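Spelled out from the first residue to the last, the chains are:
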Amino acid sequence: MRKVNAVLSLISTILILVHAIFYSVWMLFRAGIAKMSAYPSRILVVLMTVHAVISIVLAILGHKGAEKRNSNNYPKLNKQTIVQRISGILLILFIGLHIAGALNHFQPKILHAILHPLFFIVALAHVSVSTSKAFITLGIGNKKSIKIIDIAIKIICGLTLIACIVGFYLCLFVGVVK
């Protein structure tokens, strides 16, 4: 079940990054939001939902007997796991708000100005700490390649986050929806 979830995670990661980068570039250069087919977004939501359910089940099952384990031996790894789990839970909460905002179900600019950037932060934080773990779960790569993947995904997510927020605010306060 962990390997299936890791594959879903990597597919979702690719789709999230493509989605975020495409819309960021569009917003940065066109000061508007592209009206595209909803199918890729719907596929992403389904994949993320299945991934979230499996992740929750694995987290619950992984805690059975955990009181007997000493988890203080790997504090740096625990921090990433904590960020991964908190961002995953927040992502579940924010995805509905992101979709509602994208479909213009709430209009006040202040809600858009606050909720969407928070969603971008949560989504990209989750991707940045989760990607290398998926490769480890699948047994892909060695210590050096995993470290390279980890650094590369953090850089990609950081740059994408900046582009998302700048493009979004440019679109929100200067542009129009196209």
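Residues numbered from 1 in each chain as written. Predicted model: local features only at pLDDT ≥ 70, side-chain atom pairs only at ≥ 80, totals over all residues. Heavy atoms only, no water.

A. Quick peek at the overall build of the protein chain. For the protein chain, the count of helices and strands is 5 helices and 0 strands. Its helices and strands taken in sequence order, the protein chain reads α-α-α-α-α from the N to the C terminus. Expressed as a percentage of the 178 residues in the protein chain, the buried residues total 37%. For the protein chain, the exposed surface amounts to about 10900 Å²; the carbon and sulfur share of it is 75%. (Helix = DSSP H or I, 4+ residues; strand = E, 2+ residues; numbered from the N terminus. Buried < 20%, exposed > 50% of the residue type's maximum accessible area, 1.4 Å probe, protein only. Areas by Shrake-Rupley, 256 points an atom, 1.4 Å probe, with all protein chains shown as cover.)

B. Here's a closer look at the pattern of salt bridges. Scanning the entire structure with this criterion turns up 1 salt bridge. Its salt-bridge partner being Asp150, residue Lys154 comes within 2.9 Å of it at the nearest N-O pair. Highlighted residues: Lys154 and Asp150, both in helix H5 (residues 143-173), separated by 4 residues, approximately one helical turn. Note on Lys154: relative accessible area 32%, which makes it partly exposed. Among the residues examined, Asp150 registers a relative accessible area of 12% and is labelled buried. (Salt bridge = Lys/Arg side-chain N within 4 Å of Asp/Glu carboxyl O.)

C. Focus on the packing of helix H1 (residues 2-30) against helix H4 (residues 109-138). Two elements in contact, H1 and H4, have axes whose closest approach is 9 Å; the angle formed by their N-to-C orientations is 140°. When the axis of H1 is compared with that of H4, the two are oblique. For the pair H1 and H4, the crossing hand works out as left-handed. Contact residues: Arg2, Lys3, Ala6, Val7, Ser9, Leu10, Thr13, Ile16 and Leu17 in H1; Leu124, Val127, Thr131, Ala134, Phe135, Thr137 and Leu138 in H4. Of the residues contributing to the contact of H1 with H4, the split by class is 10 nonpolar, 4 polar and 2 charged. (Axes fitted to C-alpha atoms, helices over the stretch in contact; angles between N-to-C directions. Parallel < 35°, antiparallel > 145°, perpendicular 65-115°, else oblique. Left-handed = near helix turned anticlockwise from the far one by under 90°. Contact = heavy atoms within 4.5 Å. Nonpolar A, V, L, I, M, F, W, Y, C, P; charged D, E, K, R; others polar.)

D. Up close: the nonpolar core. Met48, Leu91, Phe119 and Cys157 are the most contacted members of the largest nonpolar core, which totals 25 residues. In this structure, Met48 is in contact with Ser12, Ile16, Leu91 and Ile95, ignoring residues within four places of it in sequence. Membership of the second largest hydrophobic core comes to 5 residues, among which are Ala6, Leu10, Phe135 and Ile146. (Core = buried A, V, L, I, M, F, W, Y, C linked by side-chain atoms within 4.5 Å.)

E. Quick look at the packing of aromatic side chains. In this structure the tally under the stated criterion is 6 aromatic pairs. When the centroid spacing of 5.9 Å and the interplanar angle of 20° are considered together, the rings of Tyr169 and Phe173 count as stacked. Of this pair, Tyr169 and Phe173 both sit in helix H5, separated by 4 residues, roughly a single helical turn. Classification of Tyr169 as partly exposed rests on a relative accessible area of 31%. (Phe/Tyr/Trp six-rings, centres within 6.5 Å; stacked < 30°, edge-to-face > 60°.)

F. Broad picture of the packing of H1 against H5. Running from N to C, H1 and H5 point in directions that differ by 40°, and their axes come no closer than 8 Å. As judged from the angle between their axes, H1 and H5 are oblique. Crossing geometry of H1 relative to H5 is assigned as left-handed. Here H1 contributes Leu17, Ala20, Ile21, Ser24, Met27 and Leu28 to the contact with H5, which in turn contributes Ile153, Ile156, Cys157, Thr160, Ala163, Cys164, Val166, Gly167, Phe168, Leu170 and Cys171.

G. Representation of the side chain of Asn5 in the model. Locating Asn5 in the fold gives a position in helix H1. Residue classification places Asn5 among the buried residues on the basis of a relative accessible area of 7%. In terms of polar contacts, Asn5 uses its side chain to reach the side chain of Ser55, at 2.9 Å. Sequence-distant contacts of Asn5, defined by excluding residues within four places in its chain, comprise His51, Ile54, Ser55 and Leu58. (Polar contact = N/O pair within 3.5 Å; in protein donor to acceptor, adjacent residues only side chain to side chain.)

So far we have only geometry, and geometry alone does not tell us how the molecule works.
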